[in-house]
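Observations on the three-dimensional arrangement
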4 protein chains.
Amino acid sequence: MIPRHDPQHKTFASDNYAGVHPEILQAIATANGGHQISYGDDAYTEALQDVFKQHFGEQAQVWPVFNGTAANVVSLRAMTAHWEAVICAETAHINTDEGGAPEVAGGIKLLTVPTPDGKLTPELIDRQAWGFGDVHRAQPRVVSISNTTELGTLYTPDEVAAICAHAHELGLLVHVDGSRLTNAAAALDVPMRALTTDAGVDVLSFGGTKIGLLYGEAVVVLNPAAATGIDYIRKTFMQLSSKMRFVSAQFEALLSGDLWLRNARRANAMGRRLADAVRDIPGVELPRPVEANAVFAILPRDVAERLQKRFRFYTWNEATGEVRWMCAFDTTESDVDAFAAAIAAEMTTALPS
Amino acid sequence: MIPRHDPQHKTFASDNYAGVHPEILQAIATANGGHQISYGDDAYTEALQDVFKQHFGEQAQVWPVFNGTAANVVSLRAMTAHWEAVICAETAHINTDEGGAPEVAGGIKLLTVPTPDGKLTPELIDRQAWGFGDVHRAQPRVVSISNTTELGTLYTPDEVAAICAHAHELGLLVHVDGSRLTNAAAALDVPMRALTTDAGVDVLSFGGTKIGLLYGEAVVVLNPAAATGIDYIRKTFMQLSSKMRFVSAQFEALLSGDLWLRNARRANAMGRRLADAVRDIPGVELPRPVEANAVFAILPRDVAERLQKRFRFYTWNEATGEVRWMCAFDTTESDVDAFAAAIAAEMTTALPS
Amino acid sequence: MIPRHDPQHKTFASDNYAGVHPEILQAIATANGGHQISYGDDAYTEALQDVFKQHFGEQAQVWPVFNGTAANVVSLRAMTAHWEAVICAETAHINTDEGGAPEVAGGIKLLTVPTPDGKLTPELIDRQAWGFGDVHRAQPRVVSISNTTELGTLYTPDEVAAICAHAHELGLLVHVDGSRLTNAAAALDVPMRALTTDAGVDVLSFGGTKIGLLYGEAVVVLNPAAATGIDYIRKTFMQLSSKMRFVSAQFEALLSGDLWLRNARRANAMGRRLADAVRDIPGVELPRPVEANAVFAILPRDVAERLQKRFRFYTWNEATGEVRWMCAFDTTESDVDAFAAAIAAEMTTALPS
Amino acid sequence: MIPRHDPQHKTFASDNYAGVHPEILQAIATANGGHQISYGDDAYTEALQDVFKQHFGEQAQVWPVFNGTAANVVSLRAMTAHWEAVICAETAHINTDEGGAPEVAGGIKLLTVPTPDGKLTPELIDRQAWGFGDVHRAQPRVVSISNTTELGTLYTPDEVAAICAHAHELGLLVHVDGSRLTNAAAALDVPMRALTTDAGVDVLSFGGTKIGLLYGEAVVVLNPAAATGIDYIRKTFMQLSSKMRFVSAQFEALLSGDLWLRNARRANAMGRRLADAVRDIPGVELPRPVEANAVFAILPRDVAERLQKRFRFYTWNEATGEVRWMCAFDTTESDVDAFAAAIAAEMTTALPS
């Protein structure tokens, strides 16, 4: 097979535009050859349990799935009875970017809350955490937060702990969409368990794809009392990989050493580098804190459009013209510098607003 | 990462115990590096359309998904309205081995028919193809057949064509679970389109994993009028891969040359070799025709149990003691010969039945 | 409003062709006037709990719903986790006559068993009660039987008890579709609890409509450990009646005295009378035992067609020409006699077969 | 059966606390006796088609269902493909009061919009009507409005027409939750078709229960191209009444003469009378316009609590202390006057706020 793309070309569109980290590809090759029991009864998946326990504590249990939508929907379905609902930010990925998967495939109602920065707080949770015992109201059962959030912001360990304490007091469970949990932990320079197990999180969707895996996310149960039937739900939700040894081998390569941290630090550093490089360009506004690997910016539309032709990235808000620039584990300093230079250059020819 | 298994060890349990064909791994490496648009708008997925058209005709359209359960459920959901049902053999994988995914995640009722050999016929279809327009009966809409079947048997092009003609006459669509379509085509020495497009099949679940892919199956629409909304259904059913270039690159490596055929011929040849080697061993019975890569056998339980400790394989029917031996694309002649020798040796110490 | 039908005209099509028993209509009128709390917090629904306890024991709890499809689907959903399945006879109403409601609205897989007479037995249950713990198999959780069955047959208390004992031993729960439980109890001359609570049944769908109610069926939980969340499931499955006082008042009128028994005895007696009247007509065959209010008969097709123009009834099996004659609570001796006379008369002009 | 309540007692909690209008009960009695084909093939249901055509135009088709939750979910499911979503006000009954039925039983995602008064406008619709063709976004397909709204407000014919024009321009369909459409039409003194068919509405949930029926709501399709499969959806969603003649007879009694209008005018007049009687009581605030039969009020909590012990009604907003007083078709002037007098009396002893 011949290559169909330029392996040097980078974008600032999403960390899932990146490919596979070489150490991950090597792990797949290492796990190849011969026969292994399919559907997760292999040696690699068995070993993976310990790898996750090292990061998330002795009680942690892990179920690899194919993608992030699935990690979220399987998690939430395993945490809820048929009639129970999930409180989340209006901007949560599960609400805005899953095509309706929680409702359509999962039959799960979301109770959404507007937020200024993509982050829930105990006070914001209370806006939907009511009506317990009222059959006319979908029963709140889970609070789901994303860390990092869809707006590039972070929850600190204390913020997560405050949410968990409040949720548990109300009889609610807490789920973290950790599609970019590695970025959050690296940015805060804390172990991942500080943002999850130690803060009281019950179930975690752990993201592998955006941080260098070929494919693979994981449902990680931190509180065994909080979820049931994941083996079965994963199967009926079409997420049971036959050759699971390869998903597990990738996660082992990511997590048994410091690859996850190297990759996350790199992506975050590139985000900061980009923010620093453009912050002072006249006409470019960074409306949100840059806390991990996402940079949100407002710049003239004509400039954005010209830039998008050369460096693909997404317009986040058509109304305000806000765009998102995302750095990946493989974004280099020269990628950033070239992009920043292009931004500066294009700004010089911006139309008057 | 260190290997956790013996890359020389083979089993006769399932073709999904095998790993990844080296040419497939190479294709993944080739597609790596740099950024590509995620979620299927990449150059590899674009190219894949033509690859499938070459095999299945100009009207063919392909949507890669993660696994076979998903290929089936996405296909069937795209072919049916909310209230419509699917006729299949009682032994069909969608009925017996998906953990209930069609019903639980898809909300699709299956109308099952007992068969002698895992194969539907026009007459058997008629046992469930009735009640059209009766609101009390789930409305039959699709006939789903597996080729090869779960019992290792094959449908010939004529048999598929007869089913399609009958189904279409009744206003029904035809779906093929082609998890092992490559094995069927290789065994019959016909192009895959002879078993699908040319026979009148509407939608195909095309299997990649069992024939050498790391992961990846595909929904292939052969009759564009037969399915709607696959883009959306794939997303809501949690099957939209972000780094889809790699699924597509694998399929291209499998299908653009003759890798699919080499792999399928090898697996089939090993099935025949095994059948031939054991057929005349006293006390070993082969109750079903060996038409592709599966060999079903009845042998004394104590012998089966001793063999299973050394060469993993599944007992297919606890009541009759029937076992299944499956050959994979990487099964070698010496693997088969060693297994056959072990069977012969164990039979000499079989307990009197 | 003017009447649009002849209130004297009777059919032998179904007991749900009948209207409302006058005592039931009177109960509705009695419950009318003034305001009562809606959605089941009214005095009539409160009182209904005791009415059901008198029939089904102190632990019984009742939830009225609108129709029989709903009583079954709500019951089964409340007894199962997302991935669990229900074993039933192939001829069960839930499999053949709900339009796929258990699968489509409930997401519940049915595991069906062919039976000679519509009745499950411990041995027949075993044909589907396997694969526990295997994620590839929808997990059996409930055995559902109908009493009376769709073929007019009965389970005796001993037969129900044997099923319950076997099911419980396997870790399964037992559900009874009691759409015609009153007919069964009356035919056997036993209290309804002999066929349910005392035999070990866990959850009952209790039928009111066919035995004289305007509308209304009930989910009756006999084993509180066997079902959860019915309040919520009833609501989300669109079965929470706002003016529930009227459903409850009807059930109270049916069950607080002997109206249920009078109605069931009458319907059963008319079934026997009809069977006795036609049994000896040459050319009429009664292929099944007449155990309650249903009579199955095989007679020449031309005769059946002529009769159906005057006395509506259903052809049960197009292949064999078997028809079903159903007697209702309001079927009279003269209705039966006129119908039997018509059958005898038409038979004299039957075409040679 | 003895009465279990005081038929003179009225509340201000909900119009579904009321019983059955005597003319409706009479219609049920008229339809009683003899046999009629079940499941909707009866003479009453046939006649009902014309009754609805007289109100809603020649193209109108009607499907009776059991309750309002069902009318909404069946309507919305019939208007959408598996992956399509519904835009509605955050306060819409389908979002807040169905226990999650659209999502849980229907698998339908709601896209909600905050509103000042429970009413959508073209501008508010645009807040969710975007992302067409984007698989990551649940695809907007239907705009659902309630008339009257959950906040007692009305849409005028022009307002409905503006919404329909805008929706249709966007390729969206319009559904009206007409649980209280009769109240809206009576209040505006327009025929019901002015608010529906003539304004461009595609599908209507027509409410019968709150305006005097024993039970029964209806899915009314005004644009036959806008909905498919209602016969089947109604069945699988457990809404097919066996003795449907009685639902249809009730609707005929309600709609063939002016009973609907008399009842709606009475309820609305009582709402106005109550508003007028309390508007000037110091300390009582009416924060919303009183446009039909609902009166929202803010009054001291201690007063509300004392009143609620004697005249049941609901607190609408715990945070603000806003309560809702609802008048029914059977609310009398003396009921209102007694309640208003009680409010005035209790206010004299209100605690200082």
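Each remark here, short or long, concerns the structure printed above.
Residues numbered from 1 in each chain as written. Chains lettered and ligands numbered in written order. Predicted model: local features only at pLDDT ≥ 70, side-chain atom pairs only at ≥ 80, totals over all residues. Heavy atoms only, no water.

Moving on to the pattern of salt bridges. Tallied over the entire structure, the rule returns 72 salt bridges over all chains. Residue Lys10(B) is joined to Asp335(B) by a salt bridge in which the shortest nitrogen-to-oxygen separation is 3.0 Å. Highlighted residues: Lys10(B) in the segment before helix H1 (22-31) and Asp335(B) in helix H13 (residues 333-347), separated in sequence by 325 residues. In terms of burial, Lys10(B) and Asp335(B) fall into one category: buried. Residue Arg193(B) is joined to Asp198(B) by a salt bridge in which the shortest nitrogen-to-oxygen separation is 2.9 Å. The partly exposed category is assigned to Arg193(B), whose relative accessible area is 28%. Among the charged side chains, a salt-bridge network with shared partners connects Asp302(A), Arg306(A), Arg310(A) and Glu346(A). (Salt bridge = Lys/Arg side-chain N within 4 Å of Asp/Glu carboxyl O. Helix = DSSP H or I, 4+ residues; strand = E, 2+ residues; numbered from the N terminus. Buried < 20%, exposed > 50% of the residue type's maximum accessible area, 1.4 Å probe, protein only.)

Below, the discussion takes up the interface of chain B and chain A. At the junction of the two partners, chain B supplies 66 residues and chain A supplies 65 residues. Of the roughly 5,700 Å² buried at the junction of chain B and chain A (both faces included), carbon and sulfur atoms supply 60%. It is Met1(B), His35(B) and Met238(B) that lose the most area in chain B upon contact with chain A, and together they represent 16% of the buried surface on that side. Between chain B and chain A we count four salt bridges in total. Where Glu98(A) meets Lys235(B), a salt bridge forms, and the shortest distance between an N and an O atom there is 3.7 Å. Our enumeration of links across chain B and chain A arrives at 44 residue pairs in polar contact (both at pLDDT 80 or more). The set of elements that each furnish at least two residues to the side of chain B that touches chain A consists of H1, helix H2 (43-56), helix H3 (68-79), helix H5 (101-104), helix H9 (230-236) and helix H10 (244-255) of chain B. Residues of the side of chain B that touches chain A, tallied by class, amount to 33 nonpolar, 22 polar and eleven charged. (Contact = heavy atoms within 4.5 Å. Buried area = accessible area lost by both parts, 1.4 Å probe. Polar contact = N/O pair within 3.5 Å; in protein donor to acceptor, adjacent residues only side chain to side chain. Nonpolar A, V, L, I, M, F, W, Y, C, P; charged D, E, K, R; others polar.)

Here we come to empty space enclosed by the protein. Here the structure, examined in full by the defined rule, presents 13 cavities of 30 Å³ or more. For the largest cavity, the calculated volume is near 480 Å³. Mapped by element, the contributors of at least two residues to the lining of the largest cavity are helix H5 (101-104) of chain A, H5 of chain B, helix H5 (101-104) of chain C together with helix H5 (101-104) of chain D. Across the lining of the largest cavity, the residue classes tally to twelve nonpolar, twelve polar and eight charged. Around the second largest cavity, the lining comprises 21 residues; the ones closest to its centre are Tyr39(C), Gly68(D), His93(D), Ser179(D) and Lys210(D). (1 Å grid on protein atoms, 1.4 Å probe; cavity = no way out; pocket = protein on both sides within 12 Å on 5 of 7 lines; lining within 4 Å. Points joined across faces, edges and corners; volume = space filled by probe spheres on them.)

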